[in-house]
Amino acid sequence: LAQIAMWSWIFLFPLGIPIPVQVTGHIGEPVVVRPEESELELRSRVLEAMRNLIRDKQGRSHRSFISGLRQRWQALNSKP
C-alpha cells in the first residue's frame, strides 16, 4: 500500500490535485557521517534514527494511507 500511496503522490502532485489526507512533516537531528564508517553502518544509523523519529512523533511505526483517507472521509461526513 505504501507504494500505491507513493505513486499516487508522484502522479497527482504535479497536476495540483489535492490528496485529502493530513500530512505533518518532522525534521530530526542530523546524522553526521563518521570518517571510519562504512556505507552499511551509516545506512543502519540513518534507518534507526528515522524509526526513532517516527515512533517518537507518531507513537507507532506504521500509518496507513487508506486509514488516513478513511479518517478524513469520516471527518468530512460528520460535519453538519
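Cut-off values and rules
Residues numbered from 1 in each chain as written. Predicted model: local features only at pLDDT ≥ 70, side-chain atom pairs only at ≥ 80, totals over all residues. Heavy atoms only, no water. Helix = DSSP H or I, 4+ residues; strand = E, 2+ residues; numbered from the N terminus. Buried < 20%, exposed > 50% of the residue type's maximum accessible area, 1.4 Å probe, protein only. Areas by Shrake-Rupley, 256 points an atom, 1.4 Å probe, with all protein chains shown as cover. Salt bridge = Lys/Arg side-chain N within 4 Å of Asp/Glu carboxyl O. pLDDT = per-residue confidence, 0-100.

(A) The overall build of the protein chain, seen in detail. Across its full length, the protein chain holds three helices and zero strands. Scanning the protein chain from its N terminus toward the C terminus, one meets helices and strands in the order α-α-α. Counting all 80 residues of the protein chain, 4% fall into the buried class. When the accessible surface of the protein chain is summed, it comes to about 7,400 Å², and 61% of that surface belongs to carbon and sulfur atoms.

(B) Looking closely at the pattern of salt bridges. The full count for this structure, using the stated rule, is two salt bridges. With a shortest N-O distance of 2.5 Å, Arg45 and Glu37 are connected by a salt bridge. A salt bridge links Asp56 to Arg55; the shortest N-O distance between them is 3.7 Å.

(C) Local environment of the environment of Val46. Tracing the backbone through its elements, the reader meets Val46 in helix α2 (residues 39-58). Residue Val46 is classed as partly exposed on the basis of its relative accessible area, which comes to 34%. Once the C-alpha coordinates of Val46 and Pro30 are considered, the two residues, 16 residues apart in sequence, prove to be 9.2 Å apart.

(D) Region of the structure containing the confidence of the model for the protein chain. For the protein chain, mean pLDDT is 78; residues scoring 70 or higher make up 71% of the total. Within the protein chain, helix α1 (residues 2-12) has the poorest average pLDDT of any element, 70, and α2 the best, 90.

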